[in-house]
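These are the residues of each chain, in order.
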Amino acid sequence: MYETGIGIERDLGRAVKCYRKAAIWGITNIQIKLAELYSNGSETPKNLVEAFKWLMIANRSNGRELDGPLEALASEMSDKEIKKAKRLASEFVPLFRRAAKKRRKPRK
């Protein structure tokens, strides 16, 4: 709603915050949308590292469907930025998995 302005005032900054909350739970289509917003940089700060990171994370679930967009994004980035984005993506664990690990701890 914040992205489109339907029913409320349009606010892409708030949209990004909402998308980030959903993306950390592992929702692939939201991760792709978040990457799109970061890569466009229209009305939100452009952040190619974050865009690449979220596309890489989403690509884990999509069976390499996002290789084309990843390559296009990488063409705009330095090697250092790509390396950082890849590191961040490799460290990412969806929130639902982190929550499940906490529940599995044996009781005393």
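Right, let's walk through the structure included here. (Residues numbered from 1 in each chain as written. Predicted model: local features only at pLDDT ≥ 70, side-chain atom pairs only at ≥ 80, totals over all residues. Heavy atoms only, no water.)

### Section: the overall build of the protein chain
Keep this limit in mind: Only DSSP runs of H or I covering at least 4 residues are called helices, and only runs of E covering at least 2 are called strands; the numbering of each starts at the N terminus. Per-residue accessibility, obtained with a 1.4 Å probe over protein chains only, is compared with the maximum for each type, and a residue is labelled buried under 20%, exposed over 50%, and partly exposed between these values.
Summing up its helical and strand segments, the protein chain has 6 helices and 0 strands in all. Starting at the N terminus and walking to the C terminus, you meet the elements of the protein chain as α-α-α-α-α-α. Taken across its 108 residues, the protein chain has 33% of its residues classed as buried.

### Things to note about the packing of helix α2 (residues 28-40) against helix α3 (residues 48-62)
The line we're drawing: Every angle, taken between N-to-C directions, lies between 0 and 180 degrees, and every axis is a line fitted to C-alpha atoms, over only the stretch in contact when it is a helix. An angle below 35 degrees is treated as roughly parallel, one above 145 as roughly antiparallel, one from 65 to 115 as roughly perpendicular, and anything else as oblique. Handedness of a helix crossing follows the sense of rotation of the near helix relative to the far helix, less than a right angle counterclockwise being left-handed and clockwise being right-handed. Contacts were defined at the residue level, with two residues in contact if any of their heavy atoms lie within 4.5 Å. Each residue receives one of three labels: charged for Asp, Glu, Lys and Arg, nonpolar for Ala, Val, Leu, Ile, Met, Phe, Trp, Tyr, Cys and Pro, and polar for the others, Gly being one of them.
Running from N to C, α2 and α3 point in directions that differ by 155°, and their axes come no closer than 8 Å. One finds that α2 runs roughly antiparallel with respect to α3. The handedness of the crossing between α2 and α3 comes out as left-handed. In this structure, α2 contributes Thr28, Gln31, Ile32, Leu34, Ala35, Tyr38 and Ser39 to the contact, and α3 contributes Leu48, Glu50, Ala51, Trp54, Leu55, Ile57, Ala58, Ser61 and Asn62. Looking at side-chain class alone, the contact of α2 with α3 contains 10 nonpolar, 5 polar and 1 charged residues.

### Let's talk about the packing of α3 against helix α5 (residues 79-91)
In contact at an axis separation of 8 Å, α3 and α5 are set at 45° when each is read in the N-to-C sense. On the basis of the axis angle, α3 is oblique to α5. Of the two possible hands of crossing, α3 and α5 adopt the one that is right-handed. Together, Val49, Glu50, Phe52, Lys53, Met56, Ile57 and Arg60 of α3 and Glu81, Ile82, Lys84, Ala85, Lys86, Leu88, Ala89 and Ser90 of α5 make up the contact between the two elements. Considering only residue class, the contact of α3 with α5 consists of 8 nonpolar, 1 polar and 6 charged.

### Topic: the nonpolar core
We apply this condition: By nonpolar core is meant a set of buried Ala, Val, Leu, Ile, Met, Phe, Trp, Tyr and Cys residues that side-chain atoms within 4.5 Å join together.
With 26 residues, the main nonpolar core has Leu34, Phe52, Trp54, Leu73 and Met77 as its most contacted residues. Residue assignment for this core shows that the elements contributing at least two residues are α1 (12-23), α2, α3, α4 (67-74) and α5. For this core, the leading source of residues is α3, giving 8 residues. In this structure, methionine 77 is in contact with Leu48, Val49, Phe52, Ile82 and Ala85, ignoring residues within four places of it in sequence.

### A word on the pattern of salt bridges
Counted only if it meets this: Salt bridges are defined as contacts in which a side-chain nitrogen from Lys or Arg sits within 4 Å of a carboxyl oxygen from Asp or Glu.
One pass over the full model with this rule turns up 6 salt bridges. When the shortest N-O distance is used, the salt bridge between lysine 33 and glutamate 36 registers 3.0 Å. Pair noted here: lysine 33 and glutamate 36 are both in helix α2, with a separation of 3 residues, about one helical turn. A residue is classified by how much of its surface remains accessible, and glutamate 36, at 37% relative accessible area, is partly exposed. We note a salt bridge from glutamate 91 to arginine 87, for which the minimum N-O separation is 3.4 Å. One end of the pair is glutamate 91 and the other is arginine 87, both in helix α5 and 4 residues apart, which spans about a single turn. Given the relative accessible area of 42%, arginine 87 is considered partly exposed. What emerges from the salt-bridge pattern is a single network uniting Glu3, Lys33 and Glu36.

Everything listed here is a matter of coordinates, which is why it stays silent on function.
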